[in-house]
Amino acid sequence: MASVTARAPAKINLQLAVGARRADGFHELATVFHAVSLYDDVTASEAKELRVTVGSDRDISTGDVPTDGRNLAARAAILLAEHTGLDPDVHLHLHKGIPTAGGMAGGSADAAAALVACDALWGTALPRSELHVLAAQLGSDVPFPLTGGTAVGMGRGEVLTPALARGRFEWVLAIASEGLPTPDVYAECDRLRGRRVLPEPRVTDGLMAALRSGDAHALGGALRNDLQPAACSLRPELRQALDLGEEHGALGGIVSGSGPTVAFLARGTEHALDIAVALGASGVSESVKRASGPAPAARIVEAAGPRRI
Ligand code: C5P
C-alpha cells in the first residue's frame, strides 16, 4: 500500500510583538519564528475514508489531540483535496515529538506535514507557494513549518520572510503539564493592556543583528514576547521557571508563543545539559527537553509503494 511520511519542526518565537486587535479578531503581529529540532511525523496512507490516529514519543501526552474533524492535519487533508478536486480518503498517522498544547505549534506542524505528505501521496505536486496559501487558511502558525529555519512573520504571523541567520543555537524547553488555549492568552493580553494606544508591532534591529552575526549572547538579550505577561498572569508558576533559568546562567529565557512552554537559550550543549538538569530537579515544570535551531522545513522522510503521479 502506498504511504508517505513527512516530518515538520516545532517553533519558538524569538520575538513576538503584538499590536492592536483587528476587526477580524486577530492581532497584528511582528514576530521571528525559529524552527527547533523537535519534530512531528505525519504518515499519509491510502484508505477508504479519512481517518486519524495518534502516537507519540514516550514522554509526550496525546490525550488532548482530537482525531475527528477538529484535527488540524485532517483539515489540511480536506482542504488540499478540495483544492485539487480529489476525495480526502487517507489515513493520517501522527507521531508526536513536539509537546502538545505548549505554544510550540505542534498542531500547526502536523497540518504542514499533512499537506506535504498528501501532496506527494496524491501526486498533486503543488509548488510550496501554493501549499503556503492553503496553510495560511488553516492557521496563523501553519505556513512557518513549510519555510523552516528562521523567518520574520507579519500580518497575523502568516506573511513570512526568511531571516539571515548564522550558527546554531542550543535551547532548553520547560514543558508544563497542561496547555494554555491561545485565544485565552490573547484575550488576557488585551485585558492587561486596557485602552492603551499601541504602536505598530515591530521586530528590533538588535535581534536581527544578533541573528546575522550568530551571537548567542546578543540573541539571549534580545528575546521578547508581548504575550509573556498574559501567559504569566494566567499561569503564575511560569515566573518560577523563568527565574530558575536565569539563576543557572541562561543567556535568555522566554515564554514560547502563547505558552506555557518556556524556552531558555544556553551557551552551548554542555550548558544546555546543566540548565536541563537544574530545571528537571526543581520540579517547576512537568518535563524538560533540549533542542537546537534552526531546524529544516517540513520534508518527506519516507515513501513506500506506488503513488499517483
Ligand atoms: O490562527 P490560529 O487558529 O492559530 O489562532 C488561534 C487564535 O489565536 C485566534 O482565534 C485568536 O484568538 C488568536 N490569535 C490572534 N492573533 C493572531 C493569531 C492568533 O488573536 N495573530
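Residues numbered from 1 in each chain as written. Predicted model: local features only at pLDDT ≥ 70, side-chain atom pairs only at ≥ 80, totals over all residues. Heavy atoms only, no water.

Chemist: Is there a simple way to think about the nonpolar core in this case?
Modeler: Across soluble globular proteins, nonpolar side chains show a tendency to be buried alongside one another. If you look at the biggest cluster of nonpolar residues, it comprises 69 residues, and the most contacted ones within it are Leu14, Leu92, Trp171, Leu207 and Leu219. No other element matches the 11 residues that helix H2 (residues 106–121) contributes to this core. (Core = buried A, V, L, I, M, F, W, Y, C linked by side-chain atoms within 4.5 Å. Buried < 20%, exposed > 50% of the residue type's maximum accessible area, 1.4 Å probe, protein only. Helix = DSSP H or I, 4+ residues; strand = E, 2+ residues; numbered from the N terminus.)

Chemist: So what exactly am I meant to see when it comes to the sheet that holds strand E7 (residues 169–175) here?
Modeler: In a beta sheet, neighbouring strands are held together by backbone hydrogen bonds and run either parallel or antiparallel to one another. Across the sheet, 4 strands lie side by side as E9-E10-E7-E11; this open sheet has antiparallel pairing. Edge strands, defined here as strands with exactly one partner in the open sheet, are strand E9 (252–255) and strand E11 (287–293). The sheet shows a mean angle of 25 degrees between the axes of neighbouring strands, direction not considered. As defined by bridge partners, E7 adjoins E11 across 7 bridges and the pair is classed as antiparallel. Paired with Ile175 across the bridge in E11 is Ser287. (Pairing = 2+ DSSP bridges. Axes fitted to C-alpha atoms, helices over the stretch in contact; angles between N-to-C directions.)

Chemist: Which parts of the structure should I look at to understand the site of the ligand?
Modeler: With respect to spatial proximity, the complete set of residues near the ligand consists of Gly25, Phe26, His27, Leu29, Gly139, Ser140, Arg156, Thr182, Pro183 and Tyr186. Here an oxygen atom of the ligand sits 2.7 Å away from a polar atom, N or O, in the side chain of His27. Within the contact set of the ligand, an oxygen atom lies 2.6 Å away from a side-chain nitrogen or oxygen of Ser140. Burial of the ligand by the protein chains amounts to 73% of its free accessible area of 450 Å². Within the residue set of the shell around the ligand, elements represented by two or more residues are strand E2 (27–46) and helix H5 (182–193). Looking at the shell around the ligand element by element, the count peaks at 3 residues for H5. Considering only residue class, the shell around the ligand consists of 4 nonpolar, 5 polar and 1 charged. (Near = heavy atom within 4 Å. Polar contact = N/O pair within 3.5 Å; in protein donor to acceptor, adjacent residues only side chain to side chain. Areas by Shrake-Rupley, 256 points an atom, 1.4 Å probe, with all protein chains shown as cover. Nonpolar A, V, L, I, M, F, W, Y, C, P; charged D, E, K, R; others polar.)

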